[in-house]
Amino acid sequence: MAGLVPAIGVFYADASEAADAGTKPDMTTENVMSTAVSPLAPATIPDMPAVSGVRLATAEAGIRYAGRTDVLLALFDPGTTAAGVFTRSKCPSAPVEWCRAHLKTSKTRVLVVNSGNANAFTGKTGRDACKFTAQIAAHAAGCKPGDVFLASTGVIGEPLKAQAFEGVMGGLVARAQPGEFLAAARAIMTTDTFPKVATATAKIGKARVAINGIAKGAGMIAPDMATMLSFIFTDAAISASALQALLKDSVTDTFNAVTIDGDTSTSDTLMMFATGRAAAAPRIARASDPRLKEFKKALHSVLASLSEQVARDGEGARKLVEIVVEGAVSKVSARRIAMSIANSPLVKTAIAGEDANWGRVVMAVGKAGEPADRDKLSIWFGGIRVAHKGARDPGYDEATVSAAMKKPEISLKVALGLGKGRDRVLTCDLTKEYIAINGDYRS
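Let me sum up the structure you'll find in this document. (Residues numbered from 1 in each chain as written. Predicted model: local features only at pLDDT ≥ 70, side-chain atom pairs only at ≥ 80, totals over all residues. Heavy atoms only, no water.)

## A word on empty space enclosed by the protein
So, step 1. This structure, assessed with the given rule, holds four cavities of 30 Å³ or more.
So, step 2. Its boundaries defined by the atoms lining it, the largest cavity holds a volume of some 70 Å³.
So, step 3. Looking at the lining of the largest cavity residue by residue, the class counts come to nine nonpolar, four polar and no charged. (1 Å grid on protein atoms, 1.4 Å probe; cavity = no way out; pocket = protein on both sides within 12 Å on 5 of 7 lines; lining within 4 Å. Points joined across faces, edges and corners; volume = space filled by probe spheres on them. Nonpolar A, V, L, I, M, F, W, Y, C, P; charged D, E, K, R; others polar.)

## A short note on the sheet that holds strand β1 (residues 54–59)
Two orientations exist for strands paired in a sheet by backbone hydrogen bonds: parallel and antiparallel.
So, step 1. The four strands are arranged β1-β2-β4-β5 in an open sheet whose pairing can be described as mixed. With partners counted over all chains shown, the strands left at the sheet margins are β1 and β5 (148–155), one partner each. On average, each strand axis in the sheet is tilted by 15° relative to the strand beside it, whichever way the strands run.
So, step 2. Where strand β4 (residues 110–117) and β5 come together, eight bridges link them in parallel fashion. If you follow Val 112 over to β5, its bridge partner there is Leu 150. (Pairing = 2+ DSSP bridges. Helix = DSSP H or I, 4+ residues; strand = E, 2+ residues; numbered from the N terminus. Axes fitted to C-alpha atoms, helices over the stretch in contact; angles between N-to-C directions.)

## A short note on the pairing of strand β3 (residues 81–86)
So, step 1. In terms of burial, β3 is a largely internal element, six of the six residues being buried.
So, step 2. Residues Thr 81, Ala 83 and Val 85 line one face of β3 and the alternating positions Ala 82, Gly 84 and Phe 86 line the opposite face, and both faces are buried.
So, step 3. Bridge count for β3 against strand β9 (residues 269–274) is six bridges, and the pairing is antiparallel. Paired with Ala 82 across the bridge in β9 is Phe 273. (Buried < 20%, exposed > 50% of the residue type's maximum accessible area, 1.4 Å probe, protein only.)

## Notes on helix α12 (residues 398–405)
A turn of α-helix holds 3.6 residues, and therefore any two residues three or four places apart point the same way.
So, step 1. Every buried residue of α12 is listed here: Val 401, Ala 404 and Met 405. Buried residues along α12 cover an arc of 100° about the axis, so they all sit on one side.
So, step 2. Contact partners of the buried residues in α12: α10 (345–352), β11 (378–381), β12 (384–388) and β14 (409–415). (Arc of directions from axis to C-beta. Contact = heavy atoms within 4.5 Å.)

## Notes on the packing of helix α9 (residues 331–342) against helix α11 (residues 358–367)
So, step 1. Taken N-terminus to C-terminus, the directions of α9 and α11 make an angle of 135°; their axes are 8 Å apart at the nearest point. In terms of axis orientation, α9 runs oblique to α11. Between α9 and α11 lies a crossing whose hand is right-handed. Contact with α9, carried on its side by Ile 337, Ser 340 and Ile 341, involves Val 361, Ala 364, Val 365 and Lys 367 of α11 and no other residues of that element.
So, step 2. Within the contact of α9 with α11, the residues separate by chemical class into five nonpolar, one polar and one charged. (Parallel < 35°, antiparallel > 145°, perpendicular 65-115°, else oblique. Left-handed = near helix turned anticlockwise from the far one by under 90°.)

## A few points about unusual backbone geometry
So, step 1. In this model, Thr 108 sits at a positive phi of 55°, which is unusual for a non-glycine residue.
So, step 2. Structurally, the position occupied by Thr 108 is in the loop between α2 (94–102) and β4.
So, step 3. Overall, Thr 108 belongs to the buried group, its relative accessible area being 1%.
So, step 4. Although it is not a glycine, Lys 389 adopts a positive phi angle of roughly 50°.
So, step 5. Note on placement: Lys 389 falls in the loop between β12 and β13 (391–392).

## Notes on the pattern of salt bridges
So, step 1. One pass over the full model with this rule turns up 21 salt bridges.
So, step 2. Between Asp 253 and Arg 335 there is a salt bridge, with its nearest N and O atoms 2.8 Å apart. Residue Asp 253 is found in the loop between α7 (240–251) and β9, and its partner Arg 335 is found in helix α9; the two are separated by 82 residues along the sequence.
So, step 3. You can call Arg 335 buried: its relative accessible area is 15%.
So, step 4. The partner of Glu 326 in a salt bridge is Arg 422, with the nearest N and O atoms 4.0 Å apart. Linking Glu 326 in strand β10 (residues 320–328) with Arg 422 in strand β15 (residues 421–428), this pair joins segments that are 96 residues apart in sequence.
So, step 5. Of the residues examined, Glu 326 reaches a relative accessible area of 24% and is grouped as partly exposed.
So, step 6. For Arg 422, a relative accessible area of 27% translates into the label partly exposed.
So, step 7. A cluster of three or more residues bridged by salt bridges with shared partners is formed by Asp 192, Lys 196, Lys 216 and Asp 313. (Salt bridge = Lys/Arg side-chain N within 4 Å of Asp/Glu carboxyl O.)

## Here we look at the environment of Leu 72
So, step 1. Within the element layout of this structure, Leu 72 appears in strand β2 (residues 71–76).
So, step 2. With relative accessibility at 0%, the residue Leu 72 sits in the buried group.

## Things to note about the packing of α2 against helix α3 (residues 123–141)
So, step 1. At a minimum axis distance of 9 Å, the contact between α2 and α3 shows a crossing angle of 55°. Between α2 and α3, the angle is such that the two are oblique. By crossing handedness, the relation of α2 to α3 is classed as right-handed. Across the interface between the two elements, Ala 94, Pro 95 and Trp 98 from α2 touch Gly 126, Arg 127, Cys 130, Lys 131 and Ala 134 from α3.

Structure representation (structure tokens):
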């Protein structure tokens, strides 16, 4: 299943990482909201090395969940730069507004993330909670409130009791240490069934730099910037403006090419932090610097891995689905058609039922509002052509296709026959478990 980003399957940025990866994470941990781990979860996780200039700690603040970590603190060395892309929702959370306001002026010393409450649709109370959290974090870390970035995920519309941070913040700062990335990924989970981490290394000039990433997301996932929450850490020395350009470019075919349910979160936050602490790391001022060639590939691989893990952990998912649209009039048109297919409840439920229902795919292509010719359309499920030139393929064999649909990873390809536009997106099936998870999420 070759695509614009690495094909379906867990992968690591360096070939050696797969062989050296750790064992499958302990999914019985109290940090996991669901009692069942996604059957699509990675079989292994990479060993997450320390990133020079980054220290991490987690704590149990009791924001919503009992007996599990729900707060993450990241401390950054002086001189760290930051970049971020955020939800395009017209109803963003208070932390999203806080980060946007401070991104260009911050000296970037602290990141505080909580799970269990999104601090969204909370009015002045939510804004005050952000201010209070930043103040106590700044006091504990010895910096200014404006140097603190915030992110929250969980229930929308419930006031965030920021006082809960007060009892743990000092301890978080005191305990923060390098390398705690897996614990950090667990602390930001909500309906996720496994922590999402990825790592890579790259050379910039003669310096070897590290890139580590964590993410959370399983539902309310649609590409309107990234996923619900994701944080990338590197010890490269890159200016804030260059970092912003690199991040924005890397999002397009990774996080923005993933959808679970077509719903864009109020809290979507993807931030990247560059400490500049790698030995002999050259100072990079522009994203176009040719010395960044290897770094760009490594960053893309980290974001691609994290975004695929989000698709693998879609709420109630039993099938990972890769949708490829080719022969469109443009890449933009191909993306819109692919998303129309990926977000169709009818297509997703058919895949859940292991039914190669090409009629639903035709429906999704037709409703996308993009150029399409019914009589030129061809469709493949699992590499098997089921429809050709506007009709069922003359060689269609139900038994062969049914066998392909039973696999946990399904490829769905559509050829429009109109041009050279091509794109690829990831999604998952839609099962009864999705309804069960979301039917009583708040209560």
